[in-house]
Amino acid sequence: MKSPRERIVEKTFELFAKQGYNSTGINQIISEAEVAKASFYQYFKSKEDLCVEFLKVRHEYWFNELNQFIAKGNGLQSKIISAFDFLVYMNEKENFRGCSFLNILSEIPMDNTKILSVIQSHKADLRNFFLELLNDDELSDHIYMLFESSIIESQLFKSNELIEKSKKIVTNLIQ
């Protein structure tokens, strides 16, 4: 059986995905995670702290999945294309829910530096992911921006079409 903390974070993922950050209350999380209010506050001082933890867990999960997904690829081009295939896989797995980080970014005030810094750190790690693979600042940023826009567009239109187009662009860029 999962610990109260794990149930809280798991339920948070589900509710933030379905309702958004602002429309999800602590009492609903406590109720649906079937934990005592005291247990919630033992682990998290506020909804903001819960959000930070949720994003950290999501970050680890997402990068672990991505790295496992691209590990199958042989060669640089194959690994980069696999990263885009990973987006298709995640869209199918999570019904085009998009990027948890950008979804929350759209709901918080820009002066919420606690949550904002976690989101910025995730995006910096993703940008560095492509830089480490490609070892070329300009090319890696180009591919990073294609990757990011592919996430947003696929969520918006509930379609993998632009991911497929991005893969063709990437194939032409990396030759």
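All figures in this text were calculated on a predicted structure; none of them were measured in a lab.

**Brief notes about the overall build of the protein**
And then number 1: From N to C terminus, the protein includes nine helices and zero strands.
And then number 2: Mapped in sequence order, the helices and strands of the protein form the string α-α-α-α-α-α-α-α-α.
And then number 3: Contacts in the protein between residues at least 24 apart in sequence constitute 67% of all its contacts with a sequence separation of at least 6.
And then number 4: Only carbon and sulfur atoms are counted for the fraction: they give 51% of the accessible area of the protein, which is about 9,400 Å².

**Quick word on the pattern of salt bridges**
And then number 1: Following the criterion strictly, the structure yields 13 salt bridges and no others.
And then number 2: Between Lys93 and Glu65 there is a salt bridge; the shortest N-O distance is 3.7 Å. Residue Lys93 is located in helix H5 (residues 76-94), and its partner Glu65 is located in helix H4 (residues 47-70); the two are separated by 28 residues in the primary sequence.
And then number 3: What makes Lys93 partly exposed here is its relative accessible area of 43%.
And then number 4: The exposure class of Glu65 is buried, given its relative accessible area of 19%.
And then number 5: When the shortest N-O distance is used, the salt bridge between Lys165 and Glu161 registers 3.3 Å. On the criterion of helical spacing, the pair formed by Lys165 and Glu161 is a turn pair, its members being four residues apart in helix H9 (residues 161-173).
And then number 6: Residue Glu161 is classed as partly exposed on the basis of its relative accessible area, which comes to 47%.
And then number 7: One salt-bridge network, in which partners are shared between bridges, spans Lys11, Glu14 and Glu32.

**Structural notes on the nonpolar core**
And then number 1: Counting residues in each nonpolar core, the largest one holds 40 residues, and the members touching the most others are Ile104 and Phe130.
And then number 2: For this core, the secondary-structure elements that each account for two or more residues are H4, H5, helix H6 (100-105), helix H7 (113-134), helix H8 (137-157) and H9.
And then number 3: Sorting elements by how many residues they give to this core places H4 first, with nine residues.
And then number 4: Beyond its immediate stretch of four places on either side in the chain, Ile104 contacts Phe16, Tyr21, Cys51, Phe54, Leu55, Ile115 and Ile119.

**Some remarks on the state of the cysteines**
And then number 1: On inspection of all chains with the given rule, the structure shows zero disulfides.
And then number 2: Lacking any disulfide linkage, Cys99 is separated from the closest cysteine sulfur, that of Cys51, by 12 Å.
And then number 3: Of the residues examined, Cys99 reaches a relative accessible area of 7% and is grouped as buried.

**With respect to the layout of surface pockets**
And then number 1: Roughly 280 Å³ of volume is contained in the largest pocket.
And then number 2: The wall of the largest pocket is formed by 13 residues, among which Glu6, Val9, Glu10, Phe13 and Val57 lie closest to the centre.
And then number 3: If you list the elements that add at least two residues to the lining of the largest pocket, you get helix H1 (4-19) and H4.
And then number 4: No other element matches the six residues that H1 contributes to the lining of the largest pocket.
And then number 5: Each residue belonging to the lining of the largest pocket can be placed in one class, and the counts come to five nonpolar, one polar and seven charged.

**Some remarks on the packing of H4 against H5**
And then number 1: Closest axis-to-axis distance for the H4/H5 pair is 9 Å, and the angle between their directions is 125 degrees. Relative to H5, H4 is oriented oblique. Every pair of crossing elements has a handedness; the one defined by H4 and H5 is right-handed. Between H4 and H5, the residues in contact are Arg58, Tyr61, Trp62, Glu65, Leu66, Phe69 and Ile70 and Lys79, Ser82, Ala83, Asp85, Phe86, Leu87, Tyr89, Met90, Lys93 and Glu94, respectively.

Thresholds applied
- Residues numbered from 1 in each chain as written.
- Predicted model: local features only at pLDDT ≥ 70, side-chain atom pairs only at ≥ 80, totals over all residues.
- Heavy atoms only, no water.
- Helix = DSSP H or I, 4+ residues; strand = E, 2+ residues; numbered from the N terminus.
- Contact = heavy atoms within 4.5 Å.
- Areas by Shrake-Rupley, 256 points an atom, 1.4 Å probe, with all protein chains shown as cover.
- Salt bridge = Lys/Arg side-chain N within 4 Å of Asp/Glu carboxyl O.
- Buried < 20%, exposed > 50% of the residue type's maximum accessible area, 1.4 Å probe, protein only.
- Core = buried A, V, L, I, M, F, W, Y, C linked by side-chain atoms within 4.5 Å.
- Disulfide = S-S within 2.5 Å.
- 1 Å grid on protein atoms, 1.4 Å probe; cavity = no way out; pocket = protein on both sides within 12 Å on 5 of 7 lines; lining within 4 Å.
- Points joined across faces, edges and corners; volume = space filled by probe spheres on them.
- Nonpolar A, V, L, I, M, F, W, Y, C, P; charged D, E, K, R; others polar.
- Axes fitted to C-alpha atoms, helices over the stretch in contact; angles between N-to-C directions.
- Parallel < 35°, antiparallel > 145°, perpendicular 65-115°, else oblique.
- Left-handed = near helix turned anticlockwise from the far one by under 90°.

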